[in-house]
Number of protein chains: 2
Amino acid sequence: MSTNQRTDTIYGVNPKTGERLDPGFPAADAARVDALVADAVASFARYRATSGPDRAAFLRAIASQIEALGDELITVCDAETALGPVRIASERGRTVNQLRMFADLVEEGSWVDARIDTAMPDRSPLPKPDIRRMLAPIGPVVVFGASNFPLAFSVAGGDTASALAAGNPVIVKAHGSHPGTSALVGKAVSAAAQQCGLPTGVFAVVHGPGSVVGSALVKHPGIRAVGFTGSRGGGRALMDLAAARETPIPVYAEMGSINPLIVLPHAIAHRGTAIAEGLAGSVCLGVGQFCTNPGLILVVEPAGGDAGAVGGANAGGDAGAGAGATAAFVSRLAATMEAQGPGVMLNRSIASTYCGMVARFASAHGVVTHTGAGSQEAGGGASSQPDDTGTTQAAEAGPDGHATVPPALFSVSADVFVQSPLLAEEVFGPATLVVRCADATDVTRCLSVIGGNLTATLHGDDEDFAGYADLVRVVEQTVGRVIFNGFPTGVEVCPSMTHGGPYPASASEFHTSVGTGAILRFARPVSYQNCPQSLLPAELQNANPRGIMRIVNGAYTRDPVV
Amino acid sequence: MSTNQRTDTIYGVNPKTGERLDPGFPAADAARVDALVADAVASFARYRATSGPDRAAFLRAIASQIEALGDELITVCDAETALGPVRIASERGRTVNQLRMFADLVEEGSWVDARIDTAMPDRSPLPKPDIRRMLAPIGPVVVFGASNFPLAFSVAGGDTASALAAGNPVIVKAHGSHPGTSALVGKAVSAAAQQCGLPTGVFAVVHGPGSVVGSALVKHPGIRAVGFTGSRGGGRALMDLAAARETPIPVYAEMGSINPLIVLPHAIAHRGTAIAEGLAGSVCLGVGQFCTNPGLILVVEPAGGDAGAVGGANAGGDAGAGAGATAAFVSRLAATMEAQGPGVMLNRSIASTYCGMVARFASAHGVVTHTGAGSQEAGGGASSQPDDTGTTQAAEAGPDGHATVPPALFSVSADVFVQSPLLAEEVFGPATLVVRCADATDVTRCLSVIGGNLTATLHGDDEDFAGYADLVRVVEQTVGRVIFNGFPTGVEVCPSMTHGGPYPASASEFHTSVGTGAILRFARPVSYQNCPQSLLPAELQNANPRGIMRIVNGAYTRDPVV
């Protein structure tokens, strides 16, 4: 039976040609899942006991092993994803840099947020005990590989790096869109584990349909947390599974986002063209396959010819610019997007979904199509998803498929936008929608119907911000990151990054999946009361042998407790 | 109809006499819930814009207003809870201290975990942007008052104090067991808000059945998080409601816990009597109505007469102590518990549940009852719960009820314990169960069947810990706090406290509901990329006007960014 064959063996598919890529990878069955989780659970005691420097050595060994894969990784990954050797090499660089960043973090050690309150035996009415706390690992973590980042958010990506850094075994459910890449990177991680003398259960990769293998992992009692990057439907399905467990666990799902970009009146009047050109590059970057792709452009039209522009702080000197500035902006955006030409998406399923959404936008009431109307249908299915938690798999696309799509640009009025739930949906791909707003109130109305996002961007000049400061305070409530006079694509990997946001951008607005803060998703506080020094973790001992920053009796210090 | 009357008006009941206490408090209807949430949402913009010092002044004003309630608070609270004036005055002290602790925390301001990574415009291949992040408030929070802490975990308790400190409006669902106390404290908080010029929506108290009013609040789209202290059933019901929302929100539920206490062989052989006496006090404190009440005592019997003691590190010199030491320990524990005499529980419903559980333990296979077998049945219902998310309300108990119960002590072998799921359930009240263990393996087996707990306690001497260090590493994986040679009751309110633990102790093992760390439940990271100085929150501005500790380009510092 063909259905069983598909489930039993996972093959990559070349998105440029539709041809099946060998070799196939066996899908895990229930017994294999049980065995892997048992191995992870068994390894936890030993892995959690490793020191920060031990884990740093492991993470650095993973980075080196990935680099040692050399061109084979680039070749296999490009065949599976069509992302191109330059982008893949760059993503490999980001991946190994992330691993080394977490290595530095845990080697330094202060991330455990150690707090020490020493005893006051003479306190009245009750003596105060000695209490010390730090963050500790939680246990085996499942990570779902992402289709759109086959390296940086997949087998040895940010979720895996942060979970391992915190001291947890990791099992990765490889994405069906790039099984060969996943297997190669998985081999590198396992080689690093062996090199560092760690138990085999500290890391594993499994292949198989998300709806079977992924679900089994998320429901398994031995698993303590889940990392996921993908579609809203897939993320929510995992959240619901995890919440229904006898022992619920967190799912750190980073899901869809339309990333509103707001252009204020002075900016559009004075440098609308430059903004349009930069924006076109951001929309089309990587064929629009970034979580931070700007899919919604809220243009506050300059006052003047447009009688509708009544609010906000329209700068002087723009009289007569009116809606003409917006028209020029849209026109330049369309031309620059068109000039990028068609691109090959990650797989036929994603391309098909993109084309379906573009067609729905184009035929929606009140929507003007500026480019992309003639986009070719890449396939028949309309319900496919860019991740593989569902039953629709990239690998299921027939060999006659292809995944080439053109960019698309639409515009609409604010009034129509706020009444059209379809237009607030994410179009995963190189498409964006301009909404003509009269003032800050229109922008706020639009933001209120789109829910949480990973990012929001404001383009404005000093003349704009003098009058739109309140809008910044509104915008920051809806996202994890606010960008000024830039573009949301390109997520810096650093301590201050928040890559997360209010639902549905993330399952939990309290966390980031990029940057050092990502480690906090996989550690929990443990306190020790009147614990003998010899039984305390090194981070909490009086001598502070790790030399970490601690809060001792309320004060930050690296000094020993005396 | 009597059912409707009960739902429409909430009355306290004197647990000593069963008599209804006036006045009654009107239960909120759906329109009232909507109006309160709308008011909270509307107040958020103004409240989130307050500075740390502003919020500190508010929290201190609440503390002073509570103190200004004077003896009336003690009298009303004692009538509703029977906790006694001494305990209530002490809990009031803890409550105002908590408020002032959070005031100090937000006035100082470093809790926002500010991180600044400055720009590197010349970085190759891509310039590095300026990124800054800090923790920001989330929006309106619902807090459920707890039956067992009518002040410290209710209207102005730790959940409310930490949510307000973080900058969020709070709506409290008053516990049906102490509506008069809740109304008084609510009045104090609202007076403080008015005194500080804050909008009315920043705080509200509502009365009504948890299954109606509480559920409506948790499901309301305007609510962003929930704090709860109560039973496992009640907490899980709220978790399930919150997870099923269109926009899921976190429920920080602190639920039941049996708090295992482990006595190691040298300790029991040499100071078993003293441990038994201290333990009796901890079990019976406050009629056993603490989340940290030690309900499971795992005694590792000294080697010697007991041929079963084969593992662990039994200290020399104990030969012959054998099971005799355990028998002496149990005997002294029983006598000391009996000497405490019966106590009045918080309400008839809780007392009834306690007596039902004691009866089930007493008749369970292999269980020996040492005291408490003749405990009187306090009422008929067996399905009642110590919180009021369900339909069973303290206020529904008839005027003929009473809530006086005796302590209860049981013992059982490790083999029977691990095969009896009933014995791993929490008995909320002055009861405990001794399990006779031969070695560390027995202890680990017992821990593996009880799930997560708030605390675990080890009683041991140096001779014990030399051989049981591995057991400490096992124990710490199952709890939020490990106590050495003490008792779990008495939760210090300080930066290093973890009051939380793996499910079912808490909904989320990643958080504490006591101590300064509790504020982290109600704040989320927000990043600003290339943000003009004038639009940044004070905490992230170059000048560091708040003088807080920040991580600037990876280094901890209070210095300005230059």
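Calculation criteria
- Residues numbered from 1 in each chain as written.
- Chains lettered and ligands numbered in written order.
- Predicted model: local features only at pLDDT ≥ 70, side-chain atom pairs only at ≥ 80, totals over all residues.
- Helix = DSSP H or I, 4+ residues; strand = E, 2+ residues; numbered from the N terminus.
- Rg over C-alpha atoms; globule rule 2.2 N^0.38 Å.
- Buried ≥ 20, exposed ≤ 12 C-beta atoms within 10 Å, placed from the backbone.
- Contact = placed C-beta atoms within 7 Å.
- Least-squares fit on C-alpha atoms with pLDDT ≥ 70 in both.
- Core = buried A, V, L, I, M, F, W, Y, C linked by C-beta atoms within 7 Å.
- Axes fitted to C-alpha atoms, helices over the stretch in contact; angles between N-to-C directions.
- Parallel < 35°, antiparallel > 145°, perpendicular 65-115°, else oblique.
- Nonpolar A, V, L, I, M, F, W, Y, C, P; charged D, E, K, R; others polar.
- Pairing = 2+ DSSP bridges.
- Expected span 1.5 Å × (residues − 1).
- pLDDT = per-residue confidence, 0-100.

Chemist: Break down the overall build of chain A for me, with residues and values.
Modeler: For chain A, the count of helices and strands is 15 helices and 21 strands. Here the C-alpha atoms of chain A give a radius of gyration of 25 Å, agreeing with the 24 Å that 2.2 N^0.38 yields for 562 residues. In terms of overall dimensions, chain A has a C-alpha envelope of 75 × 70 × 40 Å along the principal axes. For chain A, buried positions account for 61% of its 562 residues. At a minimum sequence separation of 6, the contacts of chain A that also span at least 24 residues come to 77%.

Chemist: Report on the interface of chain B and chain A, specifying residues and quantitative values.
Modeler: Interface size is commonly expressed as the accessible surface area that is lost when the partners come together. Listed by partner, the interface residues are 52 residues for chain B and 52 residues for chain A. Among the elements of the structure, strand 3 (115-117), strand 4 (131-137), helix 9 (232-243), helix 15 (462-475), strand 18 (479-484) and strand 19 (523-529) of chain B are those that each provide at least two residues to the side of chain B that touches chain A. Among the elements that make up the side of chain B that touches chain A, the one with the highest residue count is strand 19 of chain B (six residues).

Chemist: Provide a residue-level description of unusual backbone geometry, including the pertinent values.
Modeler: Leaving glycine aside, a negative phi is the common case for residues, and trans is the common case for peptide bonds. A:P23 follows A:D22 through a cis peptide bond whose omega is 0°. When you line up the elements, A:P23 lands in strand 2 (residues 20-26). Phi is positive for B:V287, which is not a glycine, with a value near 55°. The residue B:V287 is located in the loop between helix 10 (265-284) and strand 11 (296-300) in this model.

Chemist: Requested: an account of the relation of the copies chain B and chain A, with residues and values cited.
Modeler: Note on the identical chains: chain B maps onto chain A by a rotation of 180° and an axial translation of 0.0 Å, with an RMSD of 0.0 Å. These values place the two chain copies in the arrangement generated by a two-fold rotation axis. Looking at the rotation axis and the C-alpha trace of chain B, the residue lying nearest is B:A243, at 3.2 Å. In this assembly the copies share their binding face: 98% of the residues contributing to the interface of chain B also contribute to that of chain A.

Chemist: An account of the nonpolar core is needed here, citing residue identities and associated values.
Modeler: One finds A:L59, A:I62, A:V435, B:L59, B:I62 and B:V435 to be the most contacted residues of the largest nonpolar core, which totals 346 residues. Apart from the residues lying within four places of it in its own chain, the contact partners of A:L59 are A:L99, A:R100, A:F102, A:A103, A:A161, A:L164 and A:A165.

Chemist: So what about the packing of helix 14 (residues 440-450) of chain B against helix 15 of chain B? Which residues, and what values?
Modeler: Residues and elements named next belong to chain B. For the pair helix 14 and helix 15, interaxial distance at closest approach is 11 Å and the crossing angle is 5°. Comparing the axis directions of helix 14 and helix 15 gives the class roughly parallel. When helix 14 is examined against helix 15, the residues A440, V443, T444 and L447 are found in contact with a partner set consisting of Y468, L471, V474 and V475. In terms of residue class, the contact of helix 14 with helix 15 is built from seven nonpolar, one polar and no charged.

Chemist: Describe the pairing of strand 3 (residues 114-117) of chain A, listing the residues and the values that go with them.
Modeler: Residues and elements named next belong to chain A. Both faces of strand 3 are covered, namely the face carrying A114 and I116 and the face carrying R115 and D117. Sheet topology places strand 3 next to strand 20 (residues 550-552); three bridges connect them, and they run parallel. In the strand pairing of strand 20, R115 is matched with I551. Pairing geometry for strand 3 and strand 4 (residues 131-137), over three bridges, is antiparallel. The partner of I116 across the bridge, within strand 4, is R132.

Chemist: Provide a residue-level description of the sheet that holds strand 7 (residues 203-206) of chain B, including the pertinent values.
Modeler: Within a sheet, each strand pairs with its neighbour through backbone hydrogen bonds, oriented either parallel or antiparallel. All names here are of chain B. The five strands lie next to each other as 7-6-5-8-9, forming an open sheet whose pairing is parallel. Two strands lie at the open edges of the sheet, namely strand 7 and strand 9 (251-254), each paired on one side alone. The mean inter-strand angle of the sheet, taken between neighbouring strand axes irrespective of direction, is 15°. As paired strands, strand 5 (residues 141-144) and strand 8 (residues 225-229) are joined by three bridges and run parallel to one another. Paired with V143 across the bridge in strand 8 is G227. Running over the sheet, helix 7 (residues 179-195) touches strand 6 (170-173) and strand 7 and is turned about 165° from strand 7. Sheet strands in contact with helix 8 (residues 210-219) are strand 5, strand 6, strand 7 and strand 8, and its direction is about 160° off that of strand 6.

Chemist: Pulling in residues and values, what's your account of the sheet that holds strand 18 (residues 479-484) of chain A?
Modeler: Read across the sheet, 12 strands follow the order 13(A)-15(A)-16(A)-11(A)-10(A)-17(A)-18(A)-19(B)-4(B)-3(B)-20(B)-21(B) without closing on themselves; strand pairing throughout is mixed. Of all the strands in the sheet, just strand 13 (368-371) of chain A together with strand 21 (555-557) of chain B have a single pairing partner and so form its edges. Pairwise comparison of adjacent strand axes, ignoring direction, gives a mean angle of 25° for this sheet. In this structure, strand 20 (residues 550-552) of chain B lies alongside strand 21 of chain B, joined through three bridges in antiparallel fashion. Pairing of B:R550 across the sheet is with B:T557, part of strand 21 of chain B. Contacts from helix 10 (residues 265-284) of chain A reach strand 10 (260-263), strand 11 (296-300), strand 16 (431-437) and strand 17 (453-459) of chain A within the one sheet, and its direction differs from that of strand 10 of chain A by about 150°.

Chemist: Help me get a handle on helix 7 of chain B, residues and values and all.
Modeler: All names here are of chain B. The end-to-end C-alpha separation of helix 7 is 24 Å, in line with the 24 Å expected for 17 residues at 1.5 Å each. Here helix 7 has its buried residues at P179, G180, T181, S182, V185, G186, A188, V189, A192 and A193. For helix 7, the elements touching its buried residues are strand 1 (9-13), strand 2 (20-26), helix 3 (52-68), helix 4 (71-81), strand 6 and strand 7. Phi turns positive one or two residues past the end of helix 7, at G197, with a value near 70°.

Chemist: Could you give me a rundown of the pairing of strand 4 of chain A, with the residues and numbers involved?
Modeler: Residues and elements named next belong to chain A. Summarising burial for strand 4: six of the seven residues are buried, a large majority. Pairing between strand 4 and strand 19 (residues 523-529): seven bridges, direction antiparallel. Among the inter-strand pairings, M134 is bridged to a residue of strand 19, identified as V526.

Chemist: I'd love a proper account of the environment of B:A174, names of residues and values included.
Modeler: Residues and elements named next belong to chain B. Following the sequence through the fold, A174 ends up in the loop between strand 6 and helix 7. Measuring from C-alpha to C-alpha, the distance between A174 and G452 comes to 28 Å, with 278 residues separating the pair along the chain. Among all residues touching A174, those that are not within four sequence positions of it are G145, V155, P179, S182, V205, V206 and H207.

Chemist: So what's going on with the environment of A:T432? Residues and values would help.
Modeler: Residue and element names in this part refer to chain A. Of note, T432 is situated in strand 16. Residue class for T432 comes out buried when judged on the 29 C-beta atoms lying within 10 Å of it. Put simply, T432 and P26 are 406 residues apart on the chain and 39 Å apart in space, counted from C-alpha to C-alpha. If sequence neighbours within four positions are ignored, T432 has contacts with V283, P294, G295, L296, I297 and L409.

Chemist: Break down the environment of A:N168 for me, citing the residues and quoting the values.
Modeler: Residues and elements named next belong to chain A. Mapping N168 onto the fold places it in the loop between helix 6 (158-166) and strand 6 (170-173). For the pair formed by N168 and Q340, sequence separation is 172 residues and the distance between their alpha carbons is 43 Å. The residues contacting N168, other than those within four sequence positions of it, are P137, I138, G139, P140, V141, A163 and F522.

Chemist: Account for the confidence of the model for chain A, with residues named and values stated.
Modeler: For chain A, mean pLDDT is 91; residues scoring 70 or higher make up 90% of the total. The ipTM value of the predicted complex is 0.93, and its pTM value is 0.93.

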